[in-house]
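In case you want the letters, here they are:
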Amino acid sequence: MVHTAFDISQLIATSPYKINAVESYGHDLLISSSDGCLRIYSPESTASTTHDVVYGTLELRKEAYVLQRTIKGFSKKPMVAMEVVAARELLISLSEAIAVHRLPNLEIVAVIGKAKGANAYSWEERRGLLCFARQKRLSIYRHDGGRGFVEIKELSVPDTVKSMSWCGENICLGLTRKVYMILNVTSGTLSEVFSSGRNALPLVVSLPSGELLLGKDKVGVIVDQNGKLVQEGRICWSEAPAAVVIRKPYAIALLPRHVEIRSLRFPYPLIQTVVLRNVRCLVRSNNTVIVAQDNSVHGLFLVPLGAQIVQVTASGDFEEALALCKMLPPEDLNLRTAKEQSIHIRYAHSLFESGSYEEAMDHFFQSQVDITHVLFLYPSLTLPKSSTVAEADKFLDFAGDALSRASSDMSDDFGTPFSPSMETDERLGLESKKMSHNTLMSLIKFLQKKRFNIIEKATAEVTEEVVSYAVGDQTSRPNITIRGRLDNPKNSAARDMAAILDTALVQALLLTEQSSAAIELMKGLNYCDVEICEDFFLKRNQHLCMIELYKCNSMHREALQLLLELVEGSKFGTHNAEIHQNFKPEMIIDYLKPLCEIDPMLALEFSIPVLESCPTQTIELFLSANIPADLVNSYLKQHAPKLQATYLEQMLALNENGISANLQNEMVQIYFSEVLDWQAKLSSEEKWDEKDYSPTRKKLLSALESISGSKSEVLLKQLPQNALYEERAILLGKMNQHELALSIYVHKLHVPQLALSYCDRVYESGLHQHSSRTYSSNIYLTLLQIYLNPRRTTKKFEKQINNLISSVNTSIPKVSSWNLIKTKGGRLSKKIAEIEGAADTNISPGSTDNGKSDGDTDDMVEEEGSNIMIDEVLDLLGQRWDRIHGAHALKLLPKETKLQNLLPFLGPLVKKSSEAYRNLLVIKNLREKENLQVKDELYKHRKTVVKITGESMCSLCNKKIGTSVFAVYPNGQTIVHFVCFRDSQNMKVISKGTPLRRFSIAWYHKADKDGNSMRQFKQV
């Protein structure tokens, strides 16, 4: 877009001589004319000023200049080029040679004679290097402070240089043969870049970015410091330029018929055209661009950026306007921010109306505009009512006021800022367009970018309120939901804005069929408006979103009721196929998991419908949430008694040790009641059979094994007298009435296998409880006695059962017949007892069923001739021979029992006893050998040898030992005469009254190889 970037002003109207070169120093113009003179022009307003000035702080002025000073003979030949180095206060000029003058008085610093005939030069400010080209040679000099220039290198080039410029460590050269080359100053290597075109001369211009602009006919090609092309780096001029200067952000080119100004930002559009003919040179000054004609000088002064921004924005070139905003000075940061925001908003509206929705939202985001301003473009979205919405235009009003103030200061005017308020008919006409898929997708991206900061501010307010309450502000206690929200928050702009954003975002997501993204939004921290979202979800059957909405707002009862309805609808097929696939009972369990810790009673209420369909998962839920089992059981007992047994069964199956005894007893009582009802019903129909087992009865039989003895007495009273014998037997066993229990198995149920299994359980439990072997084996002898005396045990069974039923509190006699064993004996039993190594042939009188008196022996003997279950007796002895005391068992057997029938019992018993005898004999011999070895070791340790030589001295009398009897102290080193030792001990006895200590007596034993006597001693 064309706008006025530079104002042109005539500085010098007429020059008496033709102008060859021009430069500026401070606010002065230095003009080299064809007569070889250097003329200095100053602004007319300062021409009469004589006081000292600091030229570095001055700039060219937009006014007429007058001649201030003329220096004749400044150059013998016409000036080719001239450059002011303001940082070093130097003037470098090229005519017949290169001369360097000191500014401002123009004293000669150096004249480089070797530069005679040079046709181009380039100055490198950072290192103070001057490079010039003469014919096919390239010389490099370094400025050496005030002493002039020092040559440091000379290089050769393939052709005459027409244009040149430094680029880092390299120099770019434009040669006469119309080719560009990069010369590495350090290594001297040359690399060709490309040709300069057919007609135009080579043109090398350095850019502020460090890159180079190389002319090729009508195109300016941008390359890096190594000569590589920069992507999209081509400036297309209307004609081939003769010279180009850079005044950021523009490139000014001297064309044959005019001066052309283009932007340095891609695509390098034309900005302005200045019609000036016969232009001889184009020079960049500190604040302007100097255009010198044959006899006049003009200045191109940059228009203030604020005014340019207004022009560009008015013409619709928002990209250029934003680029100009970035060039505003740092001190105008507020103005720059206001302008950029306003331009972004205008640009966004323009893009939105043209259909570039994503780009429009990007500019809305960069403008930091309030989201309500953008949401006004979507009238179909329902937003919460809030003071924030009512004040949606405040931001725009502020931006417009700031721009108006800035425009008035710089004579620019934006006009009225864009307002989202539109005519109703126009808005309705655009509604369908603005609710399309693309527009909503762009809105979603915009809201997601803005969401993080807005939610963060809202959350910070919640945290601040909670902390304020915690440190002492007790006026209102904040109620925080499970996701960090407040149920009843105070008025808050941040939370209002968060509610607007989330409510609009979830609607946009669902309108673009992104239900999964909407659900994820609802699962996280959000501030969606409940009423608006609830109505929106219901209309579109977004039940999952509805559930998450209730959940995040702690409306758990509503969420669970909806979820339960959906599950029931899926079960009976009242909803569509999609709902049938999505909603399962497990979803209720998943919802209840975090709720158990917050509201266990509500969790129990809604777990009842799924307990029957998903018992295992529900029990696992209760276990994982650590809800007390007693609480769950009592709740089920009150509200769902039919599910109580299911809960207790699953609880026991998952965690057998985690259920208390009370709950186990309650589960047994439930089974017990059901079995009694079932038995009574069958008995009334005369269909009862003791061998019938319903599923509940099987559970009852299994559960009875875990109840306590006190509970067994209570249950035993409830049993009918002529039924449920197996349950009675188990209960009697819990009460340690083993004989009665075994009698039931044998005489009522007629199942000896159950009696044997019962004995095995009692025996094994006795082993686990570290009971004696005799006590554990008594149970088999009890069964043996029942088999041998069926009539007597039957009568006693009926009698004791009646006693138990009549009075449970009365102590129940524990019947046993072990005392009979004491009265019977014989040679065979004595032999068996000896084989087994049984030292005690009597049964412990403290056994469980030992309740018989000695007088019962006669009754038992009298009944020996009755019906004896001899086959069962022999089977029992053969199967459990290793658990039955042989001698006691033989005493119980009738005399008519054949020894041959006892072979399955006696055979392995005798074999085991023989093996035990042999093993014990081996152990005895090994112990004796070990005893002998220990004694031998003891003798070796007690044996001590002391060597007595002719030099051995008594430690008491200090005389030689010789062949006298001596004594050795316990340390084995101190040797004394025995007489001396005895005398010393007698002295201690007299003085202390203590007995003599143990000492050693030694006697002569033998002589060693050296003839010394070796004596062996022992303690006495």
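Residues numbered from 1 in each chain as written. Predicted model: local features only at pLDDT ≥ 70, side-chain atom pairs only at ≥ 80, totals over all residues. Heavy atoms only, no water.

Moving on: the overall build of the protein chain. Summing up its helical and strand segments, the protein chain has 35 helices and 33 strands in all. By residue count, 47% of the 1020 residues in the protein chain fall in the buried class. A separation of at least 24 residues holds for 55% of the contacts in the protein chain among residues at least 6 apart in sequence. Accessible surface, the protein chain as shown: approximately 51900 Å² in total, 50% of it carbon and sulfur. (Helix = DSSP H or I, 4+ residues; strand = E, 2+ residues; numbered from the N terminus. Buried < 20%, exposed > 50% of the residue type's maximum accessible area, 1.4 Å probe, protein only. Contact = heavy atoms within 4.5 Å. Areas by Shrake-Rupley, 256 points an atom, 1.4 Å probe, with all protein chains shown as cover.)

So, on to the pattern of salt bridges. Scanning all chains against the criterion turns up 29 salt bridges. For the salt bridge of D7 with K62, the shortest nitrogen-to-oxygen distance reads 3.5 Å. A residue pair is termed long-range when its members are at least 10 positions apart, and D7 in strand β1 (residues 6-12) and K62 in the loop between β4 (38-43) and β5 (65-71) qualify at 55 residues. By relative accessible area, which is 30% here, D7 ends up partly exposed. A relative accessible area of 48% places K62 in the partly exposed class. With its nearest N and O atoms 3.4 Å apart, the salt bridge here joins R336 to E340. One end of the pair is R336 and the other is E340, both in helix α3 (residues 333-354) and four residues apart, which spans about a single turn. Residue R336 is classed as partly exposed on the basis of its relative accessible area, which comes to 23%. Looking at E340, the relative accessible area reads 16%, which means it is buried. Through salt bridges with shared partners, one network takes in K114, R137, E151 and E154. (Salt bridge = Lys/Arg side-chain N within 4 Å of Asp/Glu carboxyl O.)

The subject of this paragraph is the pairing of strand β11 (residues 129-134). Within β11, five of the six residues are buried, which leaves it mostly tucked inside the rest of the structure. As judged from the five bridges shared by strand β10 (residues 120-124) and β11, these two strands associate in the antiparallel manner. Along β11, the bridge assignment pairs A120 with A133. Between β10 and β11, which pair antiparallel in sequence order, lie four residues; one of them, G128, sits at a positive phi of approximately 70°. (Pairing = 2+ DSSP bridges.)

Glancing now at helix α16 (residues 585-598). Since the α-helix turns once every 3.6 residues, residues separated by three or four places project in the same direction. With 14 residues, α16 extends 21 Å from end C-alpha to end C-alpha; this agrees with the ideal 20 Å at 1.5 Å per step. At L592, α16 shows its maximal kink, close to 40°; a proline, P594, follows between one and four residues later. For α16, the full list of buried residues reads P585, I588, I589, Y591, L592, L595 and C596. (Expected span 1.5 Å × (residues − 1). Bend = angle between axes of the 7 residues up to and from the residue.)

A packed helix pair is summarised by two numbers, namely the angle formed by the two axes and the spacing between the axes. Viewed as axis vectors pointing N to C, α16 and helix α18 (residues 615-624) meet at an angle of 10°, and their least axial separation amounts to 10 Å. Here α16 is positioned roughly parallel relative to α18, judged by the angle of their axes. Residues E586, I589, L592, K593 and C596 of α16 pack against Q617, T618 and L621 of α18. Considered class by class, the residues forming the contact of α16 with α18 number four nonpolar, two polar and two charged. (Axes fitted to C-alpha atoms, helices over the stretch in contact; angles between N-to-C directions. Parallel < 35°, antiparallel > 145°, perpendicular 65-115°, else oblique. Nonpolar A, V, L, I, M, F, W, Y, C, P; charged D, E, K, R; others polar.)

Moving on, we get to the environment of F365. As for its position among the elements, F365 is in helix α4 (residues 357-366). Given the relative accessible area of 32%, F365 is considered partly exposed. With 81 residues separating them along the chain, F365 and F446 place their C-alpha atoms 6.6 Å apart. When neighbours within four sequence positions are excluded, F365 is seen to be in contact with F446, K449 and K450.

All right, on to the sheet that holds strand β23 (residues 250-254) then. In space, the four strands of this open sheet follow the order β22-β23-β24-β25, with antiparallel pairing throughout. The sheet is open, and its two edges are formed by β22 (243-247) and β25 (270-274), each paired on a single side. If you compare each strand with its neighbour and ignore which way they point, the axes differ by 20° on average. Across five bridges, the pairing between β23 and strand β24 (residues 259-263) is antiparallel. Looking at the pairing, A251 lines up with R262 of β24.

Right, let's get into the nonpolar core. Ranked by internal contacts, the top residues of the largest apolar core, which has 174 residues, are I252, F364, Y378, F537, Y647, L784 and L877. By residue number, the principal contributor to this core is helix α10 (residues 493-511), which donates 11 residues. Discounting residues that sit within four places of it in the chain, F364 has contacts with I345, A348, H349, V369, H373, V374, L377 and F446. Formed by 23 residues, the second largest nonpolar core is a distinct cluster that contains C167, C172, F194 and Y268. (Core = buried A, V, L, I, M, F, W, Y, C linked by side-chain atoms within 4.5 Å.)

Another aspect to go through is the sheet that holds β5. Taken in spatial order, the four strands line up as β2-β3-β4-β5 in an open sheet, and their pairing is antiparallel. Strands at the two margins of the open sheet, each flanked by one partner only, are β2 (19-25) and β5. On average, adjacent strands in this sheet sit at an angle of 25° to one another, irrespective of strand direction. One ladder, built from four bridges, connects strand β3 (residues 28-33) with β4; its direction is antiparallel. The residue of β4 that forms the bridge with S32 is L38.

Before going further, it helps to examine unusual backbone geometry. Residues L103 and P104 are joined by a peptide bond in cis, for which omega reads 5°. Tracing the backbone shows P104 in the loop between β8 (98-102) and β9 (107-112). In this structure, P267 follows F266 across a cis peptide bond, with omega equal to 10°. The residue P267 is located in the loop between β24 and β25 in this model. The phi angle at D217 is positive, at roughly 55°, despite the residue not being glycine. Secondary-structure assignment places D217 in the loop between β19 (212-216) and β20 (219-223). Its relative accessible area of 26% is what places D217 among the partly exposed residues.

Moving on: the packing of aromatic side chains. When we look at a pair of aromatic rings, we describe it by the centre distance and by the angle of the planes. Applying the stated criterion across every chain yields a total of 13 aromatic pairs. Ring geometry for F266 versus Y268: centroids 5.9 Å apart, planes at 90°, classification edge-to-face. Owing to a relative accessible area of 9%, Y268 belongs among the buried residues under this scheme. Consider the rings of Y745 and Y758, whose centres lie 5.8 Å apart with planes at 50°: the pair is tilted. With a gap of 13 residues between them, Y745 in helix α25 (residues 738-748) and Y758 in helix α26 (residues 752-768) connect regions that are remote in the sequence. Judged by relative accessible area, Y745 falls into the buried class, the value being 2%. (Phe/Tyr/Trp six-rings, centres within 6.5 Å; stacked < 30°, edge-to-face > 60°.)

With respect to the secondary-structure elements, E320 resides in helix α2 (residues 318-325). Within the structure, E320 has its side chain in polar contact with the side chain of R265 (distance 2.9 Å). Apart from residues lying up to four places away in sequence, E320 is in contact with Y250, S263, R265, I271 and V312. (Polar contact = N/O pair within 3.5 Å; in protein donor to acceptor, adjacent residues only side chain to side chain.)

Attention shifts here to helix α11 (residues 515-523). Buried within α11 are the following residues: A518, I519, L521 and M522. All buried residues of α11 lie within an arc of 160° about the axis, which places them on one face of the element. Among the exposed residues of α11, those oriented more than 90 degrees off its buried face are S516 and E520. (Arc of directions from axis to C-beta.)

Moving on to the confidence of the model for the protein chain. Mean pLDDT over the protein chain: 78, with 78% of residues reaching 70 or higher. Per-residue pLDDT stays below 50 along residues 808-866; that stretch engages in 104 contacts with residues further than four places along the chain or on separate chains. (pLDDT = per-residue confidence, 0-100.)

With that settled, the discussion passes to the packing of helix α24 (residues 725-734) against α25. Between α24 and α25, whose axes approach to 7 Å, the crossing angle comes to 160°. Taken together, α24 and α25 sit at an angle that is classed as roughly antiparallel. At the point where α24 passes α25, the crossing takes the left-handed sense. Residues Y725, E726, R728, A729, I730, L732 and G733 of α24 pack against H738, L740, A741, I744, Y745 and K748 of α25. In the contact of α24 with α25, the residues fall into eight nonpolar, two polar and three charged. (Left-handed = near helix turned anticlockwise from the far one by under 90°.)

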